[in-house]
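As a plain string of letters, each chain reads:
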2 protein chains.
Amino acid sequence: MVGAPLRTWVDGVPDDRVSVFDRGLHYGDGLFETFRVQHGRPCLWRDHRRRLALGAQRLGLPDLDTDRLLAEVRALSADRPLAVVKLLVTRGDGGRGYRPSRDARPRRILSLYPWPDHPPAWSAQGVDVILCQTSVSEQPRLAGIKHLNRLEQVLARDEWDDPAIAEGLMADADGRLVGGTMSNLFLVLGDRLVTPSLDRAGVAGTVRAAVIREAPALGYVIVERGVELADLFAADGAFLTNALIGCWSIRRVGGRDLGQAPLLVALASSIRRLAATPD
Amino acid sequence: MVGAPLRTWVDGVPDDRVSVFDRGLHYGDGLFETFRVQHGRPCLWRDHRRRLALGAQRLGLPDLDTDRLLAEVRALSADRPLAVVKLLVTRGDGGRGYRPSRDARPRRILSLYPWPDHPPAWSAQGVDVILCQTSVSEQPRLAGIKHLNRLEQVLARDEWDDPAIAEGLMADADGRLVGGTMSNLFLVLGDRLVTPSLDRAGVAGTVRAAVIREAPALGYVIVERGVELADLFAADGAFLTNALIGCWSIRRVGGRDLGQAPLLVALASSIRRLAATPD
């Protein structure tokens, strides 16, 4: 299997199998997080922790013991200078039927993966992306959180094979851009950073949260609003963020050049530093 | 665990654990079916098989060996006069990231469950249902098929605890009814059976398919179209279908009485027979 993890723990114990009754498997009934870890220290931990808590609240899962979770992330990845930890939290085992049990015992699955080998040029010079045909559906109750119902992203990611394409942008049924399959989108418009509002669809990323928090220090004003494709082509520049890529500026969308504001290189570099700072 | 299966096979072998790398667990990347089985014979097998094939095509999964699958369903349930078999088909193991592998090896998980003990009065006298607050999102690429992204149904089913409520109806964001959390909806309007069109949301059930096929024999004309709540209250009657309940007529929605056409009792009974006939 390509991209297999180095090691996996289930509920704190080394294991690579789970019960077939897990509700994550049956319904996607759970959450996940993907951390950049450096010598056992997760980056943007507080943002990941906050999103997990929001997700648990939305799904009606019990509060997670995040201190124990942090200790496990550290122990799992301590021997690696740079790696990825993926966490799944499911509602645990269940019987047949959608109804969630009031006394669910959530299951946590932590996997350590090698750092992904994206071409260094993607950080240095920006990326080419496509616009996916697969739309993102709108569901306010699930918008923003990182839940396990990700078939739309799977279908969208299956739309291209070309290794020169770094990411695919996704829009809702009305053509409003939501983000990339695995990343958030920002437009640079003068001194404003415009990012799609995610109250009806999309995942509110941890680097996105950091950019919003640090925007004043970076010299920008944040605007969350609807973003059309025309806005993207009219912008001074645009970039993608997530916990692993940090920040990639976008060179072309579907073969069409985007604005490349001179400040974009420095801004992308600053955001990569934000994403690479352990809490 | 309440509602645990009697036995489970993974890829044809008795087992109750799967790899934590299964893409069904990570992304809900797969399909399921729930069969009524009688002495090892699944009811509405051809409808289940057809929906599975459609789902596999939509998700880009390899064709399933349905002959082998049928043999396994039979062997798993042969010693039971009446039981439930749930099948999960996932894309199998995968590495990190949404991209589906071109050479995925799907995994099949078959579980045998006892027949559910719904109150007999629900078949005989009809059911009370509520209207759920949780909406169904619209995604044409996933509409109709029975995929593993079912968080909306989980959230909707979590909206009521009252054991006197049999089901919850769900609508899309525009208020068009899609069906129940686990069932399809039909309205009786004179000699017409009106059922929500499922080209943008919902699961096209096997009993729904049988009702559509057999409608002329039952003396009805089928109409698939948008259905509003007002249509429901104006109808001569309404009923719910799925492979396990067969058919329940609806008595009340959110405490409000529905029409109870005299023919409804006989019609519901005929549909239950359709659902209980092994292929």
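Residues numbered from 1 in each chain as written. Chains lettered and ligands numbered in written order. Predicted model: local features only at pLDDT ≥ 70, side-chain atom pairs only at ≥ 80, totals over all residues. Heavy atoms only, no water.

*Asks:* How would you summarise the overall build of chain A if you had to cite specific residues and measurements?
*Replies:* Counting its regular elements, chain A contains eight helices and 16 strands. Expected size for 279 residues packed as a compact globule is a radius of gyration near 19 Å; at 19 Å, chain A falls within 12% of this value. On the principal axes, the C-alpha backbone points of chain A span a range of 50 × 40 × 35 Å. Expressed as a percentage of its 279 residues, the buried residues of chain A come to 58%. Put simply, 76% of the contacts in chain A that link residues at least 6 apart link residues at least 24 apart. Just so you have it, chain A exposes about 11,000 Å², and 50% of that area is on carbon and sulfur atoms. Averaging the coordinates of the 36 positive side-chain charges in chain A and doing the same for the 34 negative ones gives two points 4 Å apart. (Helix = DSSP H or I, 4+ residues; strand = E, 2+ residues; numbered from the N terminus. Rg over C-alpha atoms; globule rule 2.2 N^0.38 Å. Buried < 20%, exposed > 50% of the residue type's maximum accessible area, 1.4 Å probe, protein only. Contact = heavy atoms within 4.5 Å. Areas by Shrake-Rupley, 256 points an atom, 1.4 Å probe, with all protein chains shown as cover. Lys, Arg positive; Asp, Glu negative; His and termini not counted. Charge placed at Lys NZ, Arg CZ, Asp CG, Glu CD.)

*Asks:* Outline the environment of L177(B), supporting the account with residue identities and numerical values.
*Replies:* Residues and elements named next belong to chain B. Looking at where L177 falls in the secondary structure, it is placed in strand 10 (residues 177–180). Since its relative accessible area comes to 4%, L177 is described here as buried. The sequence separation of L177 and I250 amounts to 73 residues, and the corresponding C-alpha distance is 15 Å. Ignoring anything within four residues of it in the chain, the contact list for L177 reads L131, L169, M170, A171, L185, P196, V227, E228, L229 and L232.

*Asks:* Any details on the sheet that holds strand 7 (residues 107–114) of chain A? Residues and values, ideally.
*Replies:* The antiparallel open sheet is built from six strands, whose spatial order is 2-1-7-6-4-5 (chain A). Edge positions in the open sheet fall to strand 2 (13–14) and strand 5 (41–42) of chain A, since each of these has one partner strand only. (Pairing = 2+ DSSP bridges.)

*Asks:* Describe helix 8 (residues 264–275) of chain B, with residues and values.
*Replies:* All names here are of chain B. Here helix 8 is twelve residues long and its end C-alpha atoms lie 16 Å apart, about the 16 Å a rise of 1.5 Å per residue gives. Within helix 8, burial applies to L264, L267, A268, S270, I271 and A275. Projected down its long axis, helix 8 carries its buried residues within an arc of 160°, all on one side. The outward face of helix 8, more than 90 degrees from its buried face, is lined by the exposed residues V265 and R273. (Expected span 1.5 Å × (residues − 1). Arc of directions from axis to C-beta.)

*Asks:* Describe in detail the pattern of salt bridges, supporting the description with residues and values.
*Replies:* Residue and element names in this part refer to chain A. Under the definition given, this model contains 48 salt bridges over all chains. D79 is the salt-bridge partner of R7, the closest N and O atoms lying 3.0 Å from each other. Here R7, found in strand 1 (residues 7–10), pairs with D79, found in the loop between helix 3 (66–77) and strand 6 (83–90); they are 72 residues apart in sequence, far enough to count as distant. Salt-bridge contacts for D93 lead to R107; the nearest nitrogen and oxygen are separated by 2.7 Å. Of the two residues, D93 is situated in the loop between strand 6 and strand 7 and R107 in strand 7; the sequence distance between them amounts to 14 residues. (Salt bridge = Lys/Arg side-chain N within 4 Å of Asp/Glu carboxyl O.)

*Asks:* How would you summarise the interface of chain B and chain A if you had to cite specific residues and measurements?
*Replies:* In this assembly, 67 residues from chain B lie in contact with 67 residues from chain A. Contact between chain B and chain A buries roughly 5,900 Å² in total, counting both sides, with carbon and sulfur atoms accounting for 59%. Of all residues in chain B, the largest losses of buried area upon contact with chain A belong to R96(B), Y98(B) and L151(B), amounting jointly to 15% of the total for that side. Applying the counting rule to chain B against chain A returns ten salt bridges. A salt bridge links R141(A) to E159(B), with the nearest nitrogen and oxygen atoms 4.0 Å apart. Joining chain B to chain A, the criterion identifies 29 residue pairs in polar contact (both at pLDDT 80 or more). Residue assignment for the side of chain B that touches chain A shows that the elements contributing at least two residues are strand 1 (7–10), strand 3 (17–19), helix 1 (23–27), strand 4 (30–38), helix 2 (45–59), strand 6 (83–90), strand 7 (107–114) and helix 5 (151–157) of chain B. By residue class, the composition of the side of chain B that touches chain A is 27 nonpolar, 18 polar and 22 charged. (Buried area = accessible area lost by both parts, 1.4 Å probe. Polar contact = N/O pair within 3.5 Å; in protein donor to acceptor, adjacent residues only side chain to side chain. Nonpolar A, V, L, I, M, F, W, Y, C, P; charged D, E, K, R; others polar.)

*Asks:* Give a detailed account of the packing of helix 2 (residues 45–59) of chain A against helix 3 of chain A, specifying residues and quantitative values.
*Replies:* Residue and element names in this part refer to chain A. Running from amino to carboxyl end, helix 2 crosses helix 3 at an angle of 135°, the nearest separation of the two axes being 12 Å. Comparing the axis directions of helix 2 and helix 3 gives the class oblique. Helix 2 and helix 3 meet at a crossing whose hand is right-handed. Contacts between helix 2 and helix 3 involve W45, R49 and L52 on the former and, on the latter, T66, L69 and L70. Along the lines of polarity and charge, the residues of the contact of helix 2 with helix 3 split into four nonpolar, one polar and one charged. (Axes fitted to C-alpha atoms, helices over the stretch in contact; angles between N-to-C directions. Parallel < 35°, antiparallel > 145°, perpendicular 65-115°, else oblique. Left-handed = near helix turned anticlockwise from the far one by under 90°.)

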